[in-house]
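In case you want the letters, here they are:
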Amino acid sequence: MRTARILLNGLGQVGQHFLGLLESQALHLGARHGLALRLVAAADSGGTVVDAAGLDPLRLRTHKAARNSVAGLPGGRSGGSLLELLEDVDLVLEAAPTNLETGQPGLALVEAALEQGLPVVLASKGPLVVGWPRLSVLSDWRDPERPALRFSGAVGGGLPSLNMGWRDLAGARIQRVEAVLNLTNQLLLARMADGLSLEAAMGEAKAAGVLEADPSLDVDGWDAAAKILILARSVLGHDAALPEVVRQGLGSVPADLPARLRAEGRRLVFLQTAELQDGRWHLSVGPQALEAGHPFATLRPDEAAVRYASDSLGLTEARWAGSGPLGTAAAMLRDTVEILGRCHPSRLR
């Protein structure tokens, strides 16, 4: 049994679900992988908490569910630098809220961890959108001897969209990618097809807790653009910037269009695409009307999907249905197991 000491930054919905997985999957991880994950440090917007003997995930999750900062726990404190927490950990998990303009606060933590030789698992997209050129150089994306950087949970929750591209299609030339990676917009379009206005559908989504605090991240396509950008950079090797992704938001959709298309047997889907044209990748996101025969036309509002078209393997497709925060947390655990499963015990501090 190998014990890995981990730091978790970000204790929102994704972080709290990850704490739940530390509890529910502990026996499974030990039996199948010979791994014990010991949470020794955690941080939220209010402070940090450290315990070398291991923090109790259940207690921490209960504390956060009551809307308390970890600073109020034994061993906790307000303020301080996240970088101070890196000294006695083997792995860093970053799940703090995303800022697509600065990448902070996660970007500084991720960069410092990689510089110190620590592997990193990301759920937040901001560091990858803003800092990918630097992070890729510091990690095993450029040099297999450097620390691992994984982020499958940042692109479609539990959907294995990145793993399919960089591992399963490693020997094929990818020509096109189609994906549905933003489930909030799928839900909004489904409710509009039921006859609701966009504003009413957004009100429902906000009440259900699935709409971003900044609604423009969803309805204006920024979240979807960030996800297809991260996929294109990592899987396709396309060095693009976020403004280069062509975006069309839900505000441009006529109020009656989703219902009219449904009556015609078609479906309006919020689609992300990467297409190779004249030797260059073109990225776009936005609502598209799909014919009944398209596989994405049958997606439920809670289903994400990705489809790769390649020269030697043809069409390769995957779907995933489930809760977004839980799926993202499960993807973080998947990445953690992959990293630690191939990490020699001597490389764990």
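A quick note: this is a predicted structure, and the numbers were derived from the prediction, not measured.

Visitor: Help me out: how do you make sense of the side chain of T273 in this one?
Guide: Within the fold, T273 resides in strand β10 (residues 267–277). If we skip the residues at most four places from it in the chain, T273 touches R176, V177, E178, I228, H282, L283, S284 and Q288.

Visitor: Would you mind showing me how to read the packing of helix α1 (residues 13–24) against helix α12 (residues 324–341) here?
Guide: Between two packed helices, the angle of one axis relative to the other and the distance separating the axes together describe the packing. Taken N-terminus to C-terminus, the directions of α1 and α12 make an angle of 60°; their axes are 8 Å apart at the nearest point. It follows from the interaxial angle that α1 and α12 lie oblique. Of the two elements, α1 crosses α12, and the hand of that crossing is right-handed. Two secondary-structure elements touch here, α1 through Q13, V14, H17, F18 and L21 and α12 through P325, L326, T328, A329, A330, M332 and L333.

Visitor: Is there a simple way to explain unusual backbone geometry in this structure?
Guide: Leaving glycine aside, a negative phi is the common case for residues, and trans is the common case for peptide bonds. Residue Q104 is joined to P105 through a cis peptide bond whose omega torsion reads 5°. Along the polypeptide, P105 turns up in the loop between β5 (91–94) and α4 (106–115). Within the chain, R67 stands out as a residue other than glycine whose phi angle is a positive 65°. The residue R67 is located in the loop between α3 (57–65) and β4 (76–78) in this model. Its identity as a non-glycine residue notwithstanding, D278 has a phi of 55°, on the positive side. Mapped onto the fold, D278 is located in the loop between β10 and β11 (280–290).

Visitor: Would you mind going over the sheet that holds strand β3 (residues 47–50) with me for this structure?
Guide: Hydrogen bonds between backbone atoms are what pair the strands of a sheet, whose relative direction is either parallel or antiparallel. Reading across the sheet, the seven strands line up as β4-β3-β2-β1-β5-β6-β7 and stay open at both edges, with mixed pairing between neighbours. Every other strand in the sheet has two partners, leaving β4 and β7 (149–150) as the edge strands with one partner each. Two strands pair when backbone bridges link them, and strand β1 (residues 2–9) and strand β2 (residues 35–44) are joined in this way by eight bridges, in the parallel orientation. Residue pairing for β2: A4 is matched across the bridge by L37. On the sheet, α12 packs against β1, β2, β5, β6 (120–122) and β7 and is oriented at approximately 160° with respect to β5.

Visitor: Even after reading the chapter, I still don't get the pairing of β2, so can you show me in this structure?
Guide: Looking along a regular strand, one sees the side chains alternate between the two faces of the sheet. Buried residues dominate β2, accounting for seven of its ten residues. Where β2 and β3 come together, four bridges link them in antiparallel fashion. By the bridge assignment for β3, A43 is matched with T48.

Visitor: How should the nonpolar core be read in this particular structure?
Guide: Among soluble globular proteins, nonpolar side chains are generally buried collectively. In terms of nonpolar packing, the biggest core is built from 75 residues, with V92, F151, L236 and Y308 touching the most fellow members. Of the residues forming this core, the biggest block, eight residues, is contributed by helix α10 (residues 222–234). Contact partners of V92, with chain neighbours within four places excluded, come to L7, L86, L109, A113, L118, P119, V120 and V121. Counting residues in each nonpolar core, the second largest holds 30 residues, with L55, V70, V121 and A123 among its members.

Visitor: Would you mind showing me how to read the environment of L242 here?
Guide: Mapping L242 onto the fold places it in the loop between α10 and β9 (246–247). In this structure L242 comes out as buried when scored by relative accessible area, which is 11%. Between the C-alpha atoms of L242 and A123, which are 119 residues apart in sequence, the distance is 18 Å. Residues within four places of L242 in sequence aside, it is in contact with L100, V129, W222, A225, A226 and L229.

Visitor: What am I meant to see in the packing of aromatic side chains here?
Guide: To describe a pair of aromatic rings, one takes the distance between the centres and the angle between the planes. Under the defined criterion, the tally for this structure stands at five aromatic pairs. Consider the rings of W132 and W141, whose centres lie 5.5 Å apart with planes at 70°: the pair is edge-to-face. The class for W132 is buried, based on a relative accessible area of 10%. With centroids separated by 5.7 Å and ring planes inclined at 85°, the aromatic side chains of W132 and F151 adopt a geometry described as edge-to-face. Here W132, found in helix α5 (residues 126–138), pairs with F151, found in the loop between β7 and α6 (161–168); they are 19 residues apart in sequence, far enough to count as distant. The structure contains a cluster of three or more aromatic residues connected by ring pairs, namely W132, W141, F151 and W166. Between R247 and the ring centre of W222, over which it is positioned, the NZ or CZ distance is 3.6 Å.

Visitor: Even after reading the chapter, I still don't get the pattern of salt bridges, so can you show me in this structure?
Guide: Between side chains of opposite charge, a pair can form when the charged atoms approach closely. Applying the stated criterion across every chain yields a total of 26 salt bridges. Between R307 and E178 there is a salt bridge, with its nearest N and O atoms 3.0 Å apart. Of this pair, R307 sits in strand β12 (residues 303–310) while E178 sits in strand β8 (residues 174–180), placing them 129 residues apart in sequence. Two residues, E264 and R266, come together in a salt bridge whose shortest N-O distance is 2.7 Å. Among the residues examined, R266 registers a relative accessible area of 28% and is labelled partly exposed.

The rules behind the values
Residues numbered from 1 in each chain as written. Predicted model: local features only at pLDDT ≥ 70, side-chain atom pairs only at ≥ 80, totals over all residues. Heavy atoms only, no water. Helix = DSSP H or I, 4+ residues; strand = E, 2+ residues; numbered from the N terminus. Contact = heavy atoms within 4.5 Å. Axes fitted to C-alpha atoms, helices over the stretch in contact; angles between N-to-C directions. Parallel < 35°, antiparallel > 145°, perpendicular 65-115°, else oblique. Left-handed = near helix turned anticlockwise from the far one by under 90°. Pairing = 2+ DSSP bridges. Buried < 20%, exposed > 50% of the residue type's maximum accessible area, 1.4 Å probe, protein only. Core = buried A, V, L, I, M, F, W, Y, C linked by side-chain atoms within 4.5 Å. Phe/Tyr/Trp six-rings, centres within 6.5 Å; stacked < 30°, edge-to-face > 60°. Lys NZ or Arg CZ within 6 Å of the ring centre and 35° of its normal. Salt bridge = Lys/Arg side-chain N within 4 Å of Asp/Glu carboxyl O.

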